[in-house]
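In case you want the letters, here they are:
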Amino acid sequence: MIVESQTQKLSFNEFVQRIGVMKPNAAKKDDTRALQKLDKLLDDPNYALEEKIDGCHYKMFGYRFYSADNVEKTDNFPHLRDFFKKLAMYNLILDGEIHYPGKTSQYATHVTGPLPSGALQFQEQHGYIHYTIFDILRTPKANWTIRNTYQERRKLLRYFYDTFIKGTEMEQFIHLVPMTIEGKRQFLNQILEAGLEGGVLKKLDSHYHMGKRPMWQWMKIKQEDDADLIIMGFEPAAVEYEGKNLENWPYWKEINGVMRPVTKFHYYGWIGSVVLGAYVNGVLTRICTASGISEEVRRDMTENPQKYLNKVARVSFMEKTADGYPRHPVFKNLHETKQSRECVWEF
């Protein structure tokens, strides 16, 4: 734990580097016993279930916003910055998610990724981005809470939110993450039926372990599995269109002197899929290819491949095959807060 005497010896940037975020762990898809235990936790009164927000993980120090890997983006969110700055609670440290409700984290990167000018331009066109808070690490009075239990921290967070945010004009942009202790199965079903990412089970007596993912303290629970993999390259699109309604198909090209129906992606010269890999026993290894890429991102990958190569992509899949490969992998978005060296795959 970082104590006040230690923080007084550090510069602000050094201090920020010391504050790691706690992240939820996950049961492996092929670990039947762990999956059964995870399911039982939905009925365990010693756990709460929070909605898992699909956005970008950000810490807030007083009024300054830092990503999970400690990149400052305060000026990308001036409405949030100015509100918290007016509160003048410079000792306050919150943990939460920058996001657009109903959108994926990829959409949020239009604001978190560029310089402030680009972020402001996007928000002028699409609305201000939101911040959902799910933990409090230090109170406005400089009291550390990471050794308090989750239940105690949630009570402090609820008091802070109700006192300083609820009822203000910023309530529409700053939220307290939805949570329940009773009726967790019903709550999870509501989340999944709404097409949201899933939930996080949190043990009521769990402490905040900075920079850790302690097993069975915080656990992701989702309808499908996902993984972070490294973009190693791209594969071309399939050429010939083999679908129905050829008479109405708009995409045709000359192939070997004959006009043939071709896929839309081939017609426009776009990439077909991304080649994804991870470190296996310390060696970067090809794991799979993934489709499911939006046309906007597919076009950008084609025109600006260097923008994506060696970046980390979040991929969803149904399960692992008997050989240990992801079944039906689908590209979801870039994971901007994840480093490529963290992408490890086990067969």
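The present account deals with the structure reproduced in this document.

Cut-offs used in this document
Residues numbered from 1 in each chain as written. Predicted model: local features only at pLDDT ≥ 70, side-chain atom pairs only at ≥ 80, totals over all residues. Heavy atoms only, no water. Helix = DSSP H or I, 4+ residues; strand = E, 2+ residues; numbered from the N terminus. Rg over C-alpha atoms; globule rule 2.2 N^0.38 Å. Buried < 20%, exposed > 50% of the residue type's maximum accessible area, 1.4 Å probe, protein only. Contact = heavy atoms within 4.5 Å. Areas by Shrake-Rupley, 256 points an atom, 1.4 Å probe, with all protein chains shown as cover. Lys, Arg positive; Asp, Glu negative; His and termini not counted. Charge placed at Lys NZ, Arg CZ, Asp CG, Glu CD. Pairing = 2+ DSSP bridges. Axes fitted to C-alpha atoms, helices over the stretch in contact; angles between N-to-C directions. Phe/Tyr/Trp six-rings, centres within 6.5 Å; stacked < 30°, edge-to-face > 60°. Expected span 1.5 Å × (residues − 1). Arc of directions from axis to C-beta. Disulfide = S-S within 2.5 Å. Core = buried A, V, L, I, M, F, W, Y, C linked by side-chain atoms within 4.5 Å. Patch = residues over 30% accessible without salt bridge, like charges linked within 9 Å, V, L, I, M, F, W, Y side chains within 5 Å. Salt bridge = Lys/Arg side-chain N within 4 Å of Asp/Glu carboxyl O.

Glancing now at the overall build of the protein. Scanning the protein for helices and strands turns up ten helices and 16 strands. Taking 347 residues into account, the globule formula puts the C-alpha radius of gyration at 20 Å, and the protein, at 22 Å, falls close to it. Looking at the protein residue by residue over its 347 residues, the buried ones come to 48%. Restricting the contact set of the protein to residue pairs at least 6 apart, pairs at least 24 apart contribute 69%. For the protein, the accessible area works out to roughly 17,900 Å², and carbon and sulfur atoms hold 48% of it. The average position of the 47 basic charges and that of the 44 acidic charges among the side chains of the protein differ by 5 Å.

The side chains of a regular strand alternate, first on one face of the sheet and then on the other. Sheet topology note: the strand β11 (residues 252-255)/strand β12 (residues 258-261) ladder contains four bridges and is antiparallel. Bridging across to β12, Ile 255 finds its partner in Val 258.

With that out of the way, let us pick up the sheet that holds strand β3 (residues 64-67). Two orientations exist for strands paired in a sheet by backbone hydrogen bonds: parallel and antiparallel. With mixed pairing, five strands are arranged side by side in an open sheet as β3-β2-β4-β5-β6. Either end of the sheet is taken by a strand with one partner, and the two such strands are β3 and β6 (174-176). Going across the sheet, the axis of each strand differs from the next one's by a mean of 35°, ignoring polarity. Here strand β2 (residues 56-61) runs beside strand β4 (residues 93-99); their pairing, made up of six bridges, is antiparallel. From the neighbouring strand, Tyr 58 faces β4, where its bridge partner is Gly 96. Packed on one face of the sheet, helix α5 (residues 105-112) meets β2 and β4 and runs near 45° to β2.

One pair of aromatic rings is described through two measures. These are the centre distance and the angle between the planes. Enumeration over the complete set of coordinates arrives at 25 aromatic pairs. A ring pair is formed by Tyr 128 and Phe 173, whose centres lie 5.6 Å apart and whose planes are at 90°; its orientation type is edge-to-face. Taken as a pair, Tyr 128 in the loop between α6 (116-126) and β5 (130-138) and Phe 173 in the loop between α7 (150-164) and β6 lie far apart in primary sequence, 45 residues in all. On the basis of relative accessible area, Tyr 128 is assigned to the partly exposed category, the value being 44%. In this structure Phe 173 comes out as buried when scored by relative accessible area, which is 13%.

With 15 residues, α7 should cover 21 Å at 1.5 Å per step; its first-to-last C-alpha distance of 21 Å lies within 8% of that length. Within α7 the residues assigned to the buried category are Tyr 150, Arg 153, Arg 154, Leu 157, Phe 160 and Tyr 161. Around the axis of α7, the buried residues are gathered within 125° of arc, so they sit on the same side. Exposed positions of α7 whose direction lies more than 90 degrees from the buried face are Lys 155 and Tyr 159.

Taken in spatial order, the four strands of this open sheet run β7-β1-β8-β9, and their pairing is antiparallel. This sheet does not close on itself; its edge strands, each paired only once, are β7 (179-180) and β9 (218-221). Pairing between strand β8 (residues 199-203) and β9: four bridges, direction antiparallel. Pairing of Lys 202 across the sheet is with Trp 218, part of β9. Of the strands in this sheet, β1 (47-51), β8 and β9 touch helix α3 (residues 32-41), which is tilted by about 100° from β9. α7 contacts β1, β7, β8 and β9 of the sheet and is inclined by roughly 45° relative to β1.

Right, let's get into the state of the cysteines. Enumeration according to the criterion identifies zero disulfides in this entry. Distance from the sulfur of Cys 56, which forms no disulfide, to the nearest cysteine sulfur (Cys 343) is 16 Å. Judged by relative accessible area, Cys 56 falls into the buried class, the value being 4%.

To continue, consider the nonpolar core. Counting 30 residues, the largest nonpolar core has Phe 65, Phe 84, Leu 94, Tyr 131 and Ile 174 as its most contacted members. For this core, the secondary structure elements donating two or more residues are β2, α4 (78-87), β4, α5, α6, β5, α7 and β6. Within the second largest apolar cluster, 24 residues are counted, among which are Leu 229, Ile 287, Ala 313 and Phe 331.

What follows concerns the side chain of Arg 298. Among the structural elements, Arg 298 can be located in helix α10 (residues 295-303). Discounting chain neighbours no more than four positions away, the residues touching Arg 298 are Phe 265, Trp 270, Ile 271, Gly 272, Ser 273, Gly 292 and Ile 293.

Among all positions in α4, only Pro 78, His 79, Leu 80, Arg 81, Phe 83 and Phe 84 are buried. Residue Ala 88 follows α4 closely and has a positive phi angle near 55°.

A contiguous nonpolar surface patch, about 270 Å² in accessible area, is contributed by Leu 246, Trp 252 and Met 259. Secondary-structure assignment places Met 259 in strand β12.

The analysis is restricted to geometry; functional conclusions fall outside its scope.
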